[in-house]
Amino acid sequence: MSTAPDPLAGGLAAAAARVLGTADPWEKTATSRAAAAAWFAAREAGETPEIGRAAPPDFPARPERPALLDPRAVPRRRTGTRAGRAALLHAIAHIELNAVDLHWDIVARFSDTRLPTGFFDDWVRAADEESKHFGLLSDRLEAHETPYGALPAHAGMWRSAAATAADLMGRLAVVPMVLEARGLDVTPDMIAMFERAGDAESVAALKVIYAEEVGHVAYGSKWFHFLCGRHDLDPKETFHGLVRRYFDGALRPPFNDEKRAEAGLPLDFYWPLADAR
Ligand SMILES: [Fe+2]
Ligand SMILES: [Fe+2]
């Protein structure tokens, strides 16, 4: 009798590195969800699986398609057309796939930092949700006859991860607290746009994403504050310094102040970094 391989073989960090090393998006997200399911099954049984150590790749494995283009070279399409909406769904699917890797990268890359088990609970949950988000959008792309990979995508997504590869607090500041918070700002308009287009399935997918992304921003803020406490740092000043160091450019209003507050992001964290133009 053969048994299925243990998704957490070698520890959580090794499982994270396996997700990062998988190029096929559907295999990547399936590997991700299996590791998360094994982690939470153990946690519910009162166990804490080994974290272990792993060296994640500098860049996660990617499929041959989509072609990754310089952000300025990615064609802009009008969202008033069905093709334009498919292109938008494709762009969001690409963001979700990167988010799967970003969350597992936090687990693997900082596995030598002493952190409470709750830190891993949160990022495993976030990675699992991103995997689900990719699946939801992949299904919507199939319905639009534009499967993931059919259009070119943005090559710049890993820049913030690479810049903060040696700085966990910088990673938390820039990835969940800036980039994922930006998702909270822009998603309501996207939902409204798909509502106007009468695409109820895409609206439903985006509503799941919108609700769950609040949690990812909140995890970022929670663990950022935890580390500020550990190192006796002022959270607001530290956040400003890290975002200025690692994030290219100003933050762009309008901000979704209400959802940001729900996610533990105070106004005086992000408004001073806003583009004053
Ligand atoms: Fe997501
Ligand atoms: Fe997220």
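In the nomenclature of an unreviewed UniProt entry, the chain corresponds to Ferritin-like domain-containing protein from the organism Paralimibaculum aggregatum.

**Quick look at the nonpolar core**
Ranked by internal contacts, the top residues of the largest apolar core, which has 71 residues, are Leu-12, Ala-16, Val-107, Trp-123, Ala-173 and Met-177. No other element matches the 14 residues that helix H3 (residues 82–109) contributes to this core. A domain-level breakdown of this core finds at least three residues from each of domain 1 (8–124 + 145–157) and domain 2 (164–277). Sequence-distant contacts of Leu-12, that is, excluding residues within four places in its chain, are made with Trp-39, Pro-49, Ile-51, Gly-52, Val-107 and Phe-120.

**Some thoughts on the packing of helix H7 (residues 200–230) against helix H8 (residues 235–246)**
Contact geometry for H7 and H8: axes closest at 10 Å, N-to-C directions at 110 degrees. Here H7 lies roughly perpendicular to H8, going by the angle between them. When the axes of H7 and H8 are compared, the crossing they make is right-handed. Between H7 and H8, the residues in contact are Phe-224, His-225 and Cys-228 and Pro-235, Thr-238 and Phe-239, respectively. Per-class residue counts for the contact of H7 with H8 are four nonpolar, two polar and no charged.

**Looking at the domain arrangement of the chain**
Here the domain parsing of the chain yields domain 1 (8–124 + 145–157) and domain 2 (164–277). Relative to domain 2, the C-alpha centre of domain 1 lies at a distance of 18 Å. Facing twelve residues of domain 1, the contacting portion of domain 2 comprises twelve residues. The leading source of residues in the side of domain 1 that touches domain 2 is H3, at six residues.

**As for the environment of Arg-244**
Locating Arg-244 in the fold gives a position in helix H8. Given 12 C-beta atoms within 10 Å, Arg-244 falls into the exposed group.

**Digging into helix H1 (residues 12–20)**
Counting buried residues in H1 gives eight out of nine residues, a clear majority hidden from the surface. Of the residues making up H1, those classed as buried are Leu-12, Ala-13, Ala-15, Ala-16, Ala-17, Arg-18, Val-19 and Leu-20. Packed against the buried residues of H1 are helix H2 (25–44), H3 and helix H4 (117–143).

**Here's the deal with unusual backbone geometry**
The omega torsion across Arg-65 and Pro-66 is 10 degrees, close enough to zero to call that bond cis. Mapped onto the fold, Pro-66 is located in the loop between H2 and strand E1 (68–69). The omega angle of the peptide bond from Pro-253 to Pro-254 is 5 degrees, so this bond is cis rather than trans. One non-glycine residue with positive phi stands out, namely Glu-145, at about 55 degrees. With respect to the helices, strands and loops of the structure, Glu-145 is situated in the loop between H4 and strand E2 (153–154).

Conventions used here
- Residues numbered from 1 in each chain as written.
- Chains lettered and ligands numbered in written order.
- Predicted model: local features only at pLDDT ≥ 70, side-chain atom pairs only at ≥ 80, totals over all residues.
- Core = buried A, V, L, I, M, F, W, Y, C linked by C-beta atoms within 7 Å.
- Buried ≥ 20, exposed ≤ 12 C-beta atoms within 10 Å, placed from the backbone.
- Helix = DSSP H or I, 4+ residues; strand = E, 2+ residues; numbered from the N terminus.
- Domains from an automatic or database assignment.
- Contact = placed C-beta atoms within 7 Å.
- Axes fitted to C-alpha atoms, helices over the stretch in contact; angles between N-to-C directions.
- Parallel < 35°, antiparallel > 145°, perpendicular 65-115°, else oblique.
- Left-handed = near helix turned anticlockwise from the far one by under 90°.
- Nonpolar A, V, L, I, M, F, W, Y, C, P; charged D, E, K, R; others polar.

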